[in-house]
Amino acid sequence: KVDACIFDLDGVIVETSDAHFKAWQRLAKSLGISFGEEFNEQLKGVSRRKSIEKILALDDRELPEEEIQQLMDKKNGWYQDAIAELTPDDILEGVPSFIESLQGMNIPLGIGSSSKNAPYIIDYLQLNDTFEVIIDGTKVENTKPDPEVFLKGVKAMNADPSKTIVFEDAVSGVEAANNGGFMSVGVGSEEYLGDADLVVPNFIGLTPKELFEKLSDE
Ligand code: G6P
Ligand code: MG
């Protein structure tokens, strides 16, 4: 039986990874550091702070704290300009009907995101009334793969992790769900998300009933 569902936001409900990636690449370039698409998988799901640490580590670079803060602010400014364009039309295909079906089954829904921009994105997408619990990057101390964000979510929903499904597009997010004892569904490529209990390419044509059956077969 499924008590609750927790959705990651970026890459599951809406595609923002390109905007994150472009902003990080622009910042890295200004520092003389370069990286490709492959590295982007490692930036998904992890906090802004952890991301810049990973980028600086590519070049064994150490910078004073003040400069790190300035760089993060710069990246976030570019990123916020990009997401300000989001509208409800940007909700990924298949997501609205999947969510409506869950609501029809009275299953409580939550968001578990590492992003401090999650409240803005949810506003732009007009999803404020859809999720009963929203845990974002402003509410946690430890970034994914630590399960804190999801554990705070189930607690607020009075649910049990073992009966809660977490939907994640990030390697770090699937690990976080597994570390917290959740049922994990990877949304995206089997190539990266193979540690999830189940991987689906996206929500198009997927029904909760079909998904629950596949999960219980695992
Ligand atoms: C999401 C994205 C990450 C991003 C993190 C923090 O998890 O997948 O790429 O680094 O949020 O985002 P923020 O908006 O707080 O910089
Ligand atoms: Mg994500």
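Conventions adopted
- Residues numbered from 1 in each chain as written.
- Chains lettered and ligands numbered in written order.
- Predicted model: local features only at pLDDT ≥ 70, side-chain atom pairs only at ≥ 80, totals over all residues.
- Helix = DSSP H or I, 4+ residues; strand = E, 2+ residues; numbered from the N terminus.
- Rg over C-alpha atoms; globule rule 2.2 N^0.38 Å.
- Buried ≥ 20, exposed ≤ 12 C-beta atoms within 10 Å, placed from the backbone.
- Near = placed C-beta within 6 Å.
- Nonpolar A, V, L, I, M, F, W, Y, C, P; charged D, E, K, R; others polar.
- Pairing = 2+ DSSP bridges.
- Core = buried A, V, L, I, M, F, W, Y, C linked by C-beta atoms within 7 Å.
- Contact = placed C-beta atoms within 7 Å.
- UniProt positions renumbered as here; feature names shortened; annotations may be inferred.
- Axes fitted to C-alpha atoms, helices over the stretch in contact; angles between N-to-C directions.
- pLDDT = per-residue confidence, 0-100.

A word on the overall build of the protein. Scanning the protein from N- to C-terminus turns up ten helices and six strands. At 17 Å, the protein has a C-alpha radius of gyration in line with the 17 Å of a compact globule built from 218 residues. Overall size of the protein, expressed as C-alpha extent along the three principal axes, is 50 × 30 × 30 Å. Residues counted as buried form 38% of the 218 residues belonging to the protein.

Neighbouring ligand 1 are 18 residues, the closest being Arg48, Ser114, Ser115, Lys116 and Asn117. Among the residues forming the shell around ligand 1, the class breakdown is three nonpolar, eleven polar and four charged.

The subject of this paragraph is the pairing of strand 2 (residues 109-112). Direction of pairing for strand 1 (residues 4-7) relative to strand 2: parallel, over a ladder of three bridges. Paired with Phe7 across the strands is Ile111, a residue of strand 2. Relative to strand 3 (residues 133-135), strand 2 runs parallel, the two being bridged by three bridges. Across the sheet, Gly112 pairs through a bridge with Ile135, a residue of strand 3.

Before going further, it helps to examine the nonpolar core. Nonpolar side chains in soluble globular proteins tend to end up buried together. By size, the foremost hydrophobic cluster in this structure holds 43 residues, and its most contacted members are Cys5, Phe7, Leu9, Ile111, Phe150, Val166 and Phe167. Counting residues per element, the ones that place at least two in this core are strand 1, helix 5 (95-104), helix 6 (118-124), strand 3, helix 7 (148-156), strand 4 (164-168), helix 8 (171-179) and strand 5 (183-187). Not counting the four nearest positions on each side in its chain, Leu9 is found in contact with Val14, Ile111, Ser113, Ser115, Ala118 and Ile121. Residues Trp24, Leu27, Val46 and Ile55 belong to the second largest nonpolar core, which totals seven residues.

Turning to the UniProt feature "binding site: Mg(2+)" (unreviewed entry) in the protein, a few remarks are in order. Per the UniProt entry, the sites bearing "binding site: Mg(2+)" (unreviewed entry) are Asp8, Asp10, Glu168 and Asp169 in this numbering. With the annotated positions falling across 162 residues, the maximum pairwise C-alpha distance of 8.9 Å places them together in a single cluster. Tracing the backbone shows Glu168 in strand 4. Judged by C-beta crowding, with 30 C-beta atoms within 10 Å, Glu168 ranks as buried. The residues touching Glu168, leaving out its near neighbours within four places in the chain, are Asp8, Val12, Gly173, Val174, Ala177, Ser184, Gly186 and Val187. As for its placement among the helices and strands, Asp169 is situated in the loop between strand 4 and helix 8. Once residues within four sequence positions are removed from consideration, Asp169 is found in contact with Asp8, Gly11, Val12, Lys44, Val187 and Gly188.

Next up on the list: helix 8. Buried within helix 8 we find Val171, Ser172, Gly173, Val174, Ala176 and Ala177. Against helix 2 (37-43), helix 7, strand 4, strand 5 and helix 9 (190-193) lie the buried residues of helix 8.

The next subject is the sheet that holds strand 2. In spatial order, the strands read 3-2-1-4-5-6; together these six strands make up an open sheet with parallel pairing. Strands with a single pairing partner mark the edges of an open sheet, and in this sheet they are strand 3 and strand 6 (198-200). Averaged over all adjacent pairs, the angle separating strand axes in this sheet is 20 degrees, with direction ignored. Inspection of the sheet shows strand 4 paired to strand 5 by four bridges, in the parallel sense. Within the sheet, the bridge partner assigned to Val166 lies in strand 5 and is Ser184.

Turning to the confidence of the model for the protein, a few remarks are in order. Keep in mind that low pLDDT regions are not for reading the predicted coordinates in detail. Per-residue pLDDT for the protein has a mean of 97; in total, 100% of the residues score no lower than 70. Two numbers describe this predicted complex: its pTM, 0.97, and its ipTM, 0.99.

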